[in-house]
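Residues per chain, in single letters:
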Amino acid sequence: MIFLAITPTGLAQALRAATESDAIWCGSDAISEADYAARQWSNLSRFAYSLEDRVLIDDAVSTIEEHDPGQTIWVEASSLR
């Protein structure tokens, strides 16, 4: 399974819920570049841009699908339009 976190809170929840075989992706707003560089999670990938609107989230999902075809992707719910 793959988690897409949009916020720092969503990333923290995904990290708690994920197993070692799960992948976690997030936007730049969810974790700073410095914290990402110092990360302890080998299964975490960070987009260089924020996922601030629906178009960017859709683009992120497309990118994840290219890297992990056929996998279920859980996207953090947001009130973004």
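Structure: see above.
Residues numbered from 1 in each chain as written. Predicted model: local features only at pLDDT ≥ 70, side-chain atom pairs only at ≥ 80, totals over all residues. Heavy atoms only, no water.

Please explain the pairing of strand β2 (residues 23-26) as it appears in this structure.
A regular strand places its side chains so that they alternate between the two faces of the sheet. By the alternation rule, side chains of β2 split into Ala23 and Trp25 and Ile24 and Cys26, which are all buried. Relative to β2, strand β1 (residues 2-5) runs parallel, the two sharing 4 bridges. The partner of Phe3 across the bridge, within β2, is Ile24. The β-α-β motif built from β1, the intervening helix α1 (residues 8-17) and the parallel element β2 has right-handed crossover chirality. Sheet analysis places β2 next to strand β3 (residues 44-46), joined by 3 bridges and oriented parallel. For Ile24, the partnering residue across the bridge sits in β3 and is Leu44. (Buried < 20%, exposed > 50% of the residue type's maximum accessible area, 1.4 Å probe, protein only. Helix = DSSP H or I, 4+ residues; strand = E, 2+ residues; numbered from the N terminus. Pairing = 2+ DSSP bridges. Right-handed = clockwise from strand over helix to strand, strands pointing away.)

What exactly am I supposed to notice about the side chain of Ser50 here?
Of note, Ser50 is situated in the loop between β3 and α3 (54-67). The exposure class of Ser50 is buried, given its relative accessible area of 11%. Among the polar contacts listed, one links the side chain of Ser50 to the side chain of Asp29, at a separation of 3.3 Å. When near neighbours in sequence (up to four residues on either side) are disregarded, Ser50 contacts Ser28, Asp29 and Leu56. (Polar contact = N/O pair within 3.5 Å; in protein donor to acceptor, adjacent residues only side chain to side chain. Contact = heavy atoms within 4.5 Å.)

Is there a simple way to explain α1 in this structure?
One full turn of an α-helix is made of 3.6 residues, so residues set three or four places apart face in the same direction. Among the residues of α1, Gly10, Leu11 and Ala14 are the ones counted as buried. Buried positions in α1, seen along its axis, are confined to an arc of 100 degrees and lie on one side of it. More than 90 degrees from the buried face of α1, the exposed residues found are Thr9 and Arg16. The secondary structure elements touched by the buried residues of α1 are β1, β2 and β3. (Arc of directions from axis to C-beta.)

How should I be thinking about the side chain of Asp22 in this particular structure?
Here Asp22 shows up in the loop between α1 and β2. Here Met1 takes part through its backbone nitrogen, which lies 3.2 Å from a polar atom of the side chain of Asp22. In this structure, Asp22 is in contact with Met1, Phe3, Ala17 and Asn43, ignoring residues within four places of it in sequence.

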